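Below, each chain spelled out in residue letters.
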Amino acid sequence: VVEGYEPTINWRAAYVRYGQSPLNVFSTSEYDLVEVGEHHSMTLIVRLSPSKIVCGGGDQIVYAFDRSSKAKLHSFHGHTGNVRAIQFDDSTLVSGSADHSWIHWDWATENQLHKNTNHDNEVNCVKFNNTTLATSSDDHSVRVYDIRTYAPICVLQEHPGSVYNLQLEDNTIMSVCNSGSLIEWDLRQQQSVHSYAPGGGL
């Protein structure tokens, strides 16, 4: 699964080759193919920035590569299940895993700044901004934290199934689950404000 789009990141395109460890990254403007790889099992998630490629997979490791030189910059060890979710910027890297955890990593040392295991099932998505971190899971919930202190803010539970994806913008979260439901949440009220029904389940 390729999950590369971030509105604040200027990237072109990425493709993850299923069932093999290398990561193939295509540039759609130059039509060139670059293969980088460290994973020893399936690559499941990739995120791009103008300078970095960060990916995770079935070997439970998060890798970072330099987009220009293709050199490996970092490897982050700490998950005990498939790495299913990643978000990063120049100062922050957060990953989520099938081991029910999310981890905030130190870019410089590759150490864990914080590991959280509050979810009761696989973590499918992680999103953060300057103050807030939101995570979604197969346990049907979205959990929200203060990313500066890791203090829990709220648990959002109205989805009837696995929450596969979410977007965080200011005080609004949009989350989608495998039943097809799309819910808009207001973090100031810590409750849903609207439920959409765009289509069938996944």
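Residues numbered from 1 in each chain as written. Predicted model: local features only at pLDDT ≥ 70, side-chain atom pairs only at ≥ 80, totals over all residues. Heavy atoms only, no water.

Draft legend 1. Highlighting the pairing of strand E15 (residues 152-156). As judged from the 4 bridges shared by strand E14 (residues 142-146) and E15, these two strands associate in the antiparallel manner. Bridge pairing links valine 142 to leucine 156 in E15. The hairpin formed by E14 and E15 contains 5 residues between the paired strands, and tyrosine 150 there has a positive phi angle of roughly 70 degrees. (Pairing = 2+ DSSP bridges. Helix = DSSP H or I, 4+ residues; strand = E, 2+ residues; numbered from the N terminus.)

Draft legend 2. Quick look at the environment of glutamine 190. Note on placement: glutamine 190 falls in the loop between strand E18 (182-186) and strand E19 (191-196). Relative accessible area serves as the criterion here: at 41%, glutamine 190 is assigned to the partly exposed category. Along the chain, glutamine 190 and valine 155 lie 35 residues apart, while their C-alpha atoms are 8.2 Å from each other. Ignoring any residue separated from it by four or fewer positions in sequence, one finds glutamine 190 in contact with Ile153, Cys154 and Leu156. (Buried < 20%, exposed > 50% of the residue type's maximum accessible area, 1.4 Å probe, protein only. Contact = heavy atoms within 4.5 Å.)

Draft legend 3. How the structure looks around the packing of aromatic side chains. The full count for this structure, using the stated rule, is 6 aromatic pairs. Aromatic pair phenylalanine 76 and tryptophan 105: ring centres 5.3 Å apart, planes at 55 degrees, arrangement tilted. Here the residue phenylalanine 76 occupies a position in strand E7 (residues 72-77), and tryptophan 105 occupies one in strand E10 (residues 102-105), the gap between them amounting to 29 residues. Side by side, phenylalanine 76 and tryptophan 105 carry an identical accessibility label, which is buried. (Phe/Tyr/Trp six-rings, centres within 6.5 Å; stacked < 30°, edge-to-face > 60°.)

Draft legend 4. Summary view of the sheet that holds E10. Strands sit in the order E8-E9-E10-E11 across an open sheet of 4 strands; the sheet is antiparallel. Looking at strand neighbours, the two that pair on one side only are strand E8 (83-88) and strand E11 (112-116), the edges of this open sheet. Averaged over neighbouring strand pairs, the angle between their axes works out to 15 degrees when direction is ignored. Sheet analysis places E10 next to E11, joined by 4 bridges and oriented antiparallel. Residue tryptophan 102 lies in a different strand from E11, and its bridge partner there is asparagine 116. (Axes fitted to C-alpha atoms, helices over the stretch in contact; angles between N-to-C directions.)

Draft legend 5. Fine view of the confidence of the model for the protein chain. Across the protein chain, the average pLDDT comes to 84, with 78% of residues at 70 or higher. Here residues 1-21 scores under 50 on pLDDT; set against residues more than four positions off or in separate chains, the count is 61 contacts. Of the regions scoring below 50 in pLDDT, residues 25-35 engages in 24 contacts with residues more than four places distant in sequence or in other chains. (pLDDT = per-residue confidence, 0-100.)

Draft legend 6. Local environment of the sheet that holds strand E6 (residues 61-66). Within the open sheet, the 4 strands sit side by side as E4-E5-E6-E7. Their pairing is antiparallel. Lying at the two open borders of the sheet, with one neighbouring strand each, are strand E4 (43-48) and E7. Sheet twist, expressed as the average angle between the axes of neighbouring strands with direction ignored, equals 15 degrees. Where strand E5 (residues 52-57) lies against E6, 5 bridges are found, and the strand directions are antiparallel. Looking across to E6, one finds that glycine 56 is bridged to valine 62.

Draft legend 7. Representation of the environment of isoleucine 86 in the model. As for its position among the elements, isoleucine 86 is in strand E8. When the C-alpha atoms of isoleucine 86 and arginine 47 are compared, they prove to be 6.8 Å apart, with 39 residues separating the residues in sequence. Non-local contacts of isoleucine 86, meaning those with residues more than four positions away in its chain, are made with Ile45, Arg47, Val54, Cys55, Gly56, Val62, Leu93, Val94, Ser95 and Val126.

Draft legend 8. Quick peek at the nonpolar core. Ranked by size, the top nonpolar core spans 14 residues in total, and within it Val142, Val144, Leu156, Leu166, Ile173 and Leu187 carry the most contacts. Of all the secondary-structure elements, those providing two or more residues to this core are E14, E15, strand E16 (163-169), strand E17 (172-177) and E18. For this core, the element with the most residues is E16, which contributes 3 residues. Setting aside residues up to four positions removed in sequence, leucine 187 forms contacts with Thr132, Val144, Cys154, Leu156, Leu168, Asp170, Asn171 and Ile173. Core analysis: the next-biggest nonpolar cluster, separate from the first, contains 12 residues, Val54, Ile86, Ile103 and Trp105 among them. (Core = buried A, V, L, I, M, F, W, Y, C linked by side-chain atoms within 4.5 Å.)

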